[in-house]
Amino acid sequence: MSSTSWVTSANHPECDFPLANLPYGVFRRAGSSSIGHIGVAIGDQILDLHACAEQGLLADLPHPLVAACRADLLNPLMALGPAAWSALRRCVTALLDAEKACRETQGHVAPHLVSMRDAQMQLPARIGDFTDFYASIHHATRVGRLFRPENPLLPNYKYVPIAYHGRASSIVLSGEPVRRPWGQIKSRVNGAEFSPAQSLDYELEVGVFIGPDNALGESIPIAEAEDHIFGLCLLNDWSARDIQSWEYQPLGPFLAKNFATTISPWIVPLEALEPFRVPAFERPPGDPAPLPYLTSPAPECAGIDLTLEVFLESRQMRQMGTAPALLSRSNLRDLYWTLAQMVAHHASNGCNLRPGDLLATGTISGENEGSEGCLLEKRCTGEPLCLPTGELRTFLEDGDQVIFRAWSRLPTGEKIGFGTCAGTVVEAASAP
Ligand code: CA
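Keep in mind the model is a prediction, meaning the values are calculated, not measured.

Participant: Looking at this structure, how should I read the side chain of Gln244?
Facilitator: Along the chain, the position of Gln244 falls in helix H7 (residues 241–247). Excluding residues within four positions of it along the chain, Gln244 makes contact with Ser239, Ala256 and Lys257.

Right under this line is the structure:
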């Protein structure tokens, strides 16, 4: 039996933010210069938790939790852990549920709803560190094949959840333009040259916001790893392939990746994704079993069934009013490594994760054609991509907008959606 909200826009079957979702974000009323407020998405509205706390609507909750709801970023709430998150979620559900909230309660809550149209979303947390994994074996295999056709997967792949340390300072919110970077590119004539990147790509990823920390020097057991995950968002790891191919050996990506990373504004709590638990990726016979510190105590529900989509809208499509074109569709459940394995591995050497740190899964690709999570993989098919306008794409052009969406659907019909993660490529800065 599904629950409905008295915020009626939340009950539409195509709405990303029904009562069963309740993702967190930070917003400001458009045009105001006030500090950011923590909000919860419900239908086409945002429930202002800061205002709810001020007005005593969260008074039944413990004081530190109420104080965290009045912060201007989500870090304090992230630090409190799963018991606090559940308590807040139950409280917010009760305020917004058509059955549970009486008329009087609805009257008290309604003034603290802000239309999404009147809100300016902000980065949800102070992101201390950003780490990007490489957890899709289909992505790793397809990309590996371009460079090493006879031996696409490196021998460590099935043992180690591979990652690199990214850059937090250049993480931007969905909607911010992304400037084409300059960089050093291999040149047949001069050895190398410095020019705007010509092979700009997106990478379809899920971002994982870390909750409570682990002390420096202490690891996180895999059985507890998900207690350190506050929630998930969409993430685009913009990548300049020509810069990357020249710089990536021997230490991995650097300037090819750190010029911009876009995230979606809403963080979907793991609790909202519980109904979509599925078994972890089934390793084919002959693959090594994960080492004990990476062995899940409950592999039958270590994965999450989440559909992910990439759309592209060129400048010409925008001018002609053509709808964004679907480029690919993949699923989070197809990752070789689970979210818990990534967290446990990251802390396995005693590296301390902190509230608001961001991990990303790496490009999420499926096995079949049409499920490639980046343009580089689409090159495996040999043909450039053809857009509805007849324009061809090998890599992104200036004016292209890349849009990610993700959702799971409950048996009762509601969609647990992630909203959108969008960014438009703008031309490179003038020559330095
Ligand atoms: Ca990546």
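Participant: So what exactly am I meant to see when it comes to the coordination of the calcium ion here?
Facilitator: By definition of the ideal shapes, a tetrahedral metal site with four donors has angles of 109.5 degrees and an octahedral site with six donors has angles of 90 or 180 degrees. The protein atoms donating to the calcium ion are Asp132 (OD), Glu203 (OE), Glu205 (OE) and Asp237 (OD), with metal-donor distances spanning 2.2 to 2.3 Å. Positions of the donor residues of the calcium ion along the chain correspond to the pattern D-x70-E-x1-E-x31-D. With Asp132 in strand E6 (residues 130–133) and Glu205 in strand E13 (residues 204–210), this residue pair connects regions lying 73 residues apart in the sequence. The buried category is assigned to Asp132, whose relative accessible area is 1%.

Participant: Just to check I follow, could you spell out the packing of aromatic side chains for this structure?
Facilitator: Describing an aromatic ring pair means giving the distance of the ring centres and the angle of the ring planes. Tallied over the entire structure, the rule returns 9 aromatic pairs. With a centroid separation of 5.5 Å and 35° between ring planes, the pair formed by Tyr24 and Phe230 is classed as tilted. You can see Tyr24 sitting in strand E1 (residues 24–29) and its partner Phe230 sitting in strand E14 (residues 229–236), a full 206 residues away along the chain. Look at Tyr24 and you get buried, because its relative accessible area is 4%. Both rings, one in Phe281 and one in Tyr336, keep their centres 5.3 Å apart while their planes meet at 50°; by these two values the pair is tilted. Taken together, the residues span a long stretch of sequence, with Phe281 in the loop between strand E18 (277–278) and strand E19 (303–304) and Tyr336 in the loop between strand E21 (325–331) and helix H10 (339–347) at a distance of 55 residues. Clustering of aromatic rings is evident, with ring pairs tying together Tyr134, Tyr157, Phe281, Tyr336 and Trp337. Against the face of Trp337 rests Arg283, its NZ or CZ located 4.7 Å from the ring centre. One Lys or Arg, Lys415, reaches over the ring of Trp407 and ends 5.6 Å from the middle of that ring.

Participant: For this particular structure, what's the right way to read the sheet that holds strand E20 (residues 307–313)?
Facilitator: The strands that make up a sheet pair up through hydrogen bonds in the backbone, lying either parallel or antiparallel. Pairing is mixed across the open sheet formed by 5 strands, whose spatial order is E9-E26-E25-E20-E21. What marks the edges here is a single partner per strand, and that holds for strand E9 (178–179) and E21. Sheet topology places E9 next to strand E26 (residues 415–426); 2 bridges connect them, and they run parallel. Among the inter-strand pairings, Arg179 is bridged to a residue of E26, identified as Val426.

Participant: Can you help me understand unusual backbone geometry in this one?
Facilitator: Glycine aside, a negative phi is what most residues show, and trans is what most peptide bonds show. The omega torsion across Gln249 and Pro250 is 10°, close enough to zero to call that bond cis. Despite not being glycine, Leu22 has its phi angle at roughly 55°, a positive value. Residue placement: Leu22 occurs in the segment before E1. Given a relative accessible area of 3%, Leu22 falls into the buried group.

Participant: Sorry if this is basic, but what is going on with the side chain of Glu309 here?
Facilitator: By the element assignment, Glu309 lies in strand E20. The buried category is assigned to Glu309, whose relative accessible area is 5%. For Glu309, the side chain forms a polar contact with the side chain of Arg329, separated by 2.6 Å. Sequence-distant contacts of Glu309, that is, excluding residues within four places in its chain, are made with Leu204, Leu326, Ser328, Arg329, Ile403, Phe404, Arg405 and Trp407.

Definitions and cut-offs
- Residues numbered from 1 in each chain as written.
- Predicted model: local features only at pLDDT ≥ 70, side-chain atom pairs only at ≥ 80, totals over all residues.
- Heavy atoms only, no water.
- Helix = DSSP H or I, 4+ residues; strand = E, 2+ residues; numbered from the N terminus.
- Contact = heavy atoms within 4.5 Å.
- Donors = N, O, S within 2.8 Å, 3.2 Å for Na, K, Ca; no water.
- Buried < 20%, exposed > 50% of the residue type's maximum accessible area, 1.4 Å probe, protein only.
- Phe/Tyr/Trp six-rings, centres within 6.5 Å; stacked < 30°, edge-to-face > 60°.
- Lys NZ or Arg CZ within 6 Å of the ring centre and 35° of its normal.
- Pairing = 2+ DSSP bridges.
- Polar contact = N/O pair within 3.5 Å; in protein donor to acceptor, adjacent residues only side chain to side chain.

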